[in-house]
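A structural walkthrough
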Amino acid sequence: MKDSVAEEHLYLGFSHQYRDSIFPLHTSISLFLLSYCDCKLFKIFLVPTGENVDDQIVTKNLLGDLEVHFISRSQLPVVVQSCCLPAVVVKDGKFCRAGLSVVLRHIIQKTYEADPSKKDVLELLGFKKTCLKACAEVSQWTRLCEISIPLAVEGFLTASPEHCQTIPPDILQFERKLGEPVRVHNDDKIRRQKLQQQKTGAKAAVQLDEEATEEGKPVEMHEHPLPSLELSIAFSKLLVQEVSDAVNREAPHIRRTKTSDLPLLDHVFAEGLYFTLADMVLLPCIHQFLVFSKKQGKNLANLPLISSWYQRVQKVPGVKKAAGKCNMELLQLPELMSAPEEALQDVSSVPDELEEENEDSHFIGGPRPTMTKLTENGIEAKFSPHPCPNWTLDWTNLPSAVSPGEGKMSRDRALRKQQQLNNLVAAVTKLAKPGDVIVDFCSGGGHVGIVLAHMMPSCQVVLIENKELSLIRAKDRSDELGLNNIWFIQANLDYFNGTFNIGVALHACGVATDMVIEHCIKARAAFVISPCCYGFIQNTMKFKYPRSHQFKEILSYKEHMILCRFADQTAVQLPPERRLIGKQCMGLVDLDRAWAAEAHNYSVQVISMEPESCSPKNNMFVGIPI
């Protein structure tokens, strides 16, 4: 693959140096992973975040054996200037990967591609290679690791003495996370093994007690108790060993034990039993927090699980060596007793009211009472007339790489996709001017963006997508067409901060539609968006539903979720009456979104695509800033 041989540039932000770390912490984390992987595949640039940062103040020993160059933000490739750091881009290329998790996962993959013997590096991506793959906008765990804890530690280190007396809530949340039962693939088998180990240990303890009683000697505790099954499994995997047959064999009475009666598994590492990228991200952050706390003489009694995790991670092969390269002087902490439950009970990964609302969304019932309630208040689904219902691209005369049928798509599906694209491209064509920047959010394989780039050579088109393989397919199609007005950014939406004129998204899933609208409003850009997956809508850290004040005055969160769930009932195999109700629910959910955007001085129309049979999710927003 072309990208695998081309030189790649890694751009890291630099604000200041504090003890044995470079800040922001995202940079220290990236350098730590590079050292752990012993990766020299990237040309590394530090990008000062301030105007007057002296490149001479970075101590060489914090960079290990990595060669690092300084570059101003104005010297960054233009595509990188539109992104938050860290970011990776192929030299002189247009394919950028941005955001901590995306960049770290790419470093791991490139390291393994260059040296397939480094299987331990690839294992950092976890089961099914999904560690920190879900974007922080929707995954509370990714947000905690990638954003919340790094920011909490940075804030803790720079806070005034009176504001750094308490442990940051996000650190306490990690402590509580480590105390939760572990759920892993095939955990039923492992839990049976744990039960067998517990019974074997209990039997041995009874025998020792009886022998000591017979000899009249006091019973003594073992100085070195048997390691837990979780530890045995975790470290046997790290050392590429098999757990002993004695552990794997199960007694008949163990096999007959009900699953509900099996013991739960304890955390060994951040995500459960296995050492993953999450541990690599958290270690530099927790290390800085512990060093500062120790210097301040703070009591860490409320963090026994974090302390044990911190000590355990140091035993992972390669961690101490990588820390040494980065001049991280890891601490040796005393064993701590478990914190009392009440010390952690006020901490949660999401606000309590958010948890309650989301739990309340698992309802039983239909949409009619909610729809009636809205109707009684004068609110019904409204659809504006389609501005150009018969407009279509001349697909037969377009290059094959422009057509969505170029991929592994049936003829019928390719036709429907073309019809969907006709609607979006027609709307964008009416809005766009030469020189405009058009962003295709949640671009997938680039069906929308590639058509726009081909049809509008005077506009710059940017494709943003979190899934790497989809974006690579899009780039391959673009290369085949020889397009020069297109960029590709693999990143979560929040890591794109560039200016643009029009935002477009075809079937942005669930909350992603609201994220795209938010980005467009911030940029004062027009938008053309087709929503999808209404059933996945729920309150998040950033978005609360209903969105508009008109709907909030009438509907509760639960009632709005009823509309969202039934808005997904539009599949062609459903009865016509049910599909009609689904379409009305779609219209109401999107009317709420439209009114929320209009509160920011936008003119928004909700339109049905033509023909409506092009997709069960055939609504389309056209929003224009006033």
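Residues numbered from 1 in each chain as written. Predicted model: local features only at pLDDT ≥ 70, side-chain atom pairs only at ≥ 80, totals over all residues. Heavy atoms only, no water.

**Some details on the overall build of the protein chain**
If you tally the helices and strands in the protein chain, you get 24 helices and 14 strands. By sequence separation, contacts in the protein chain at least 24 residues apart represent 75% of the contacts at least 6 residues apart. For the protein chain, the accessible surface area stands at approximately 29500 Å², while carbon and sulfur atoms represent 52% of it. (Helix = DSSP H or I, 4+ residues; strand = E, 2+ residues; numbered from the N terminus. Contact = heavy atoms within 4.5 Å. Areas by Shrake-Rupley, 256 points an atom, 1.4 Å probe, with all protein chains shown as cover.)

**Concerning the sheet that holds strand 1 (residues 8–14)**
Across the sheet, twelve strands lie side by side as 5-4-1-6-7-10-9-8-11-12-14-13; this open sheet has mixed pairing. This sheet does not close on itself; its edge strands, each paired only once, are strand 5 (68–70) and strand 13 (602–608). Taken pair by pair, the neighbouring strands of this sheet meet at an average axis angle of 20°, ignoring direction. Pairing between strand 13 and strand 14 (residues 619–625): seven bridges, direction antiparallel. (Pairing = 2+ DSSP bridges. Axes fitted to C-alpha atoms, helices over the stretch in contact; angles between N-to-C directions.)

**Re the nonpolar core**
Counting 76 residues, the largest nonpolar core has Phe-174 and Trp-309 as the members making the most contacts within it. Examining the composition of this core, we find that twelve residues originate from one element, helix 12 (residues 277–295), more than from any other. In contact with Trp-309, not counting residues within four places along its chain, are Phe-174, Leu-178, Val-268, Phe-269, Ala-270, Asp-279, Leu-282, Leu-283 and Ile-286. Counting residues in hydrophobic clusters, the runner-up holds 64 residues, among them Phe-45, Ile-71, Ala-87 and Phe-527. (Core = buried A, V, L, I, M, F, W, Y, C linked by side-chain atoms within 4.5 Å. Buried < 20%, exposed > 50% of the residue type's maximum accessible area, 1.4 Å probe, protein only.)

**Structural notes on the state of the cysteines**
In this structure the tally under the stated criterion is zero disulfides. No disulfide involves Cys-533; its sulfur sits 3.1 Å from the nearest other cysteine sulfur, which is in Cys-509. (Disulfide = S-S within 2.5 Å.)

**So, the pairing of strand 7 (residues 95–98)**
Residues Phe-95 and Arg-97 line one face of strand 7 and the alternating positions Cys-96 and Ala-98 line the opposite face, and both faces are buried. Where strand 6 (residues 87–90) meets strand 7, three bridges bridge the pair, whose relative direction is antiparallel. Within strand 7, the position partnered with Ala-87 by the bridge is Ala-98. Across three bridges, the pairing between strand 7 and strand 10 (residues 486–490) is parallel.

**Focus on the packing of helix 17 (residues 368–376) against helix 23 (residues 557–567)**
In contact at an axis separation of 9 Å, helix 17 and helix 23 are set at 110° when each is read in the N-to-C sense. Overall, the two elements helix 17 and helix 23 adopt an arrangement that is roughly perpendicular. The chirality of how helix 17 crosses helix 23 is left-handed. Residues Thr-370, Met-371, Lys-373 and Leu-374 of helix 17 form the contact with helix 23, whose own contacting residues are Glu-559, Ile-562 and Leu-563. For the contact of helix 17 with helix 23, the residue count by class is four nonpolar, one polar and two charged. (Parallel < 35°, antiparallel > 145°, perpendicular 65-115°, else oblique. Left-handed = near helix turned anticlockwise from the far one by under 90°. Nonpolar A, V, L, I, M, F, W, Y, C, P; charged D, E, K, R; others polar.)

**Re the pattern of salt bridges**
Oppositely charged side chains can form a pair if their charged atoms are brought close together. The tally for this structure, following the rule as stated, stands at 16 salt bridges. The partner of Lys-177 in a salt bridge is Glu-180, and the shortest N-O contact between them spans 3.9 Å. Among the salt bridges present, the one from Asp-590 reaches Arg-593, with a minimum N-O distance of 3.1 Å. Remark: Arg-593 and Asp-590 occur in helix 24 (residues 576–598); sequence separation between them is three residues, near one turn of the helix. Classification of Asp-590 as buried rests on a relative accessible area of 0%. Residues participating in the shared-partner salt-bridge network are Asp-514, Arg-547, Asp-590 and Arg-593. (Salt bridge = Lys/Arg side-chain N within 4 Å of Asp/Glu carboxyl O.)

**Concerning the packing of aromatic side chains**
Evaluated as defined, the whole model comprises 13 aromatic pairs. Considering the side-chain rings of Phe-14 and Phe-70, the 5.8 Å spacing of their centres and the 85° angle between planes classify their relative orientation as edge-to-face. Taken together, the residues Phe-14 in strand 1 and Phe-70 in strand 5 connect sequence positions 56 residues apart. A relative accessible area of 29% means that Phe-70 is categorised as partly exposed. (Phe/Tyr/Trp six-rings, centres within 6.5 Å; stacked < 30°, edge-to-face > 60°.)

**Some thoughts on the environment of Arg-19**
With respect to the helices and strands, the residue Arg-19 is situated in the loop between strand 2 (16–18) and strand 3 (21–23). For Arg-19, a relative accessible area of 33% gives the class partly exposed. Residues Arg-19 and Gln-288, spaced 269 residues apart in sequence, show a C-alpha to C-alpha distance of 8.9 Å.

**Regarding the confidence of the model for the protein chain**
Interpretation of this model should avoid reading the predicted coordinates in detail wherever pLDDT is low. Of the residues in the protein chain, 77% have a pLDDT of 70 or more, and the chain-wide mean is 83. This stretch, residues 204–213, has a pLDDT under 50; its non-local contacts, to residues over four places away or in other chains, come to four contacts. For residues 337–364, every residue scores under 50 in pLDDT, and the model assigns this stretch 47 contacts once sequence neighbours within four places are set aside. (pLDDT = per-residue confidence, 0-100.)

**Let's talk about the pairing of strand 11 (residues 502–509)**
Counted residue by residue, strand 11 has six buried out of eight residues, so it is predominantly covered. Where strand 11 and strand 12 (residues 526–532) come together, seven bridges link them in parallel fashion. Opposite Gly-503, over in strand 12, you have Phe-527 as the bridge partner. The parallel pair strand 11 and strand 12, bridged by helix 21 (residues 512–523), forms a crossover whose chirality is right-handed. (Right-handed = clockwise from strand over helix to strand, strands pointing away.)

**Points about unusual backbone geometry**
The amide bond that connects Tyr-545 to the next residue, Pro-546, takes the cis arrangement and shows omega of 0°. Mapped onto the elements of the fold, Pro-546 is located in the loop between strand 12 and helix 22 (549–552). A cis amide bond links Glu-610 to the next residue, Pro-611, at an omega of -15°. Considering the arrangement of structural elements, one finds Pro-611 in the loop between strand 13 and strand 14. One non-glycine residue, Cys-442, lies in the positive phi region at around 50°. Checked against the element boundaries, Cys-442 lands in the loop between strand 8 (437–441) and helix 19 (447–455). You will see that Arg-524, though not glycine, has its phi angle at about 55°, which is positive. Assessed through its relative accessible area of 38%, Arg-524 is described here as partly exposed.

**Brief notes about the packing of helix 6 (residues 140–158) against helix 12**
Where helix 6 contacts helix 12, the axes come no closer than 10 Å and their chain directions differ by 20°. One way to sum up the angle between helix 6 and helix 12 is to call them roughly parallel. For the element pair helix 6 and helix 12, the recorded crossing hand is left-handed. Side by side, helix 6 and helix 12 meet where Trp-141, Cys-145, Ile-149, Pro-150, Val-153, Phe-156 and Leu-157 of the first sit next to Ala-278, Val-281, Leu-282, Cys-285, Gln-288, Phe-289, Phe-292 and Ser-293 of the second.

**A few points about the side chain of Arg-105**
Looking at the element boundaries, Arg-105 is found in helix 4 (residues 100–114). Lacking a salt bridge, the buried Arg-105 has Glu-468 as its closest oppositely charged neighbour, with an N-O distance of 6.9 Å. Among residues more than four places away in sequence, those in contact with Arg-105 are Leu-125, Lys-129, Thr-130, Cys-131, Leu-132, Lys-133 and Leu-277. (Lys, Arg positive; Asp, Glu negative; His and termini not counted.)

**A look at the side chain of Asn-539**
With respect to the helices and strands, Asn-539 occurs in the loop between strand 12 and helix 22. At a separation of 2.7 Å, a polar atom in the side chain of Asn-539 contacts the main-chain amide nitrogen of Tyr-545. (Polar contact = N/O pair within 3.5 Å; in protein donor to acceptor, adjacent residues only side chain to side chain.)

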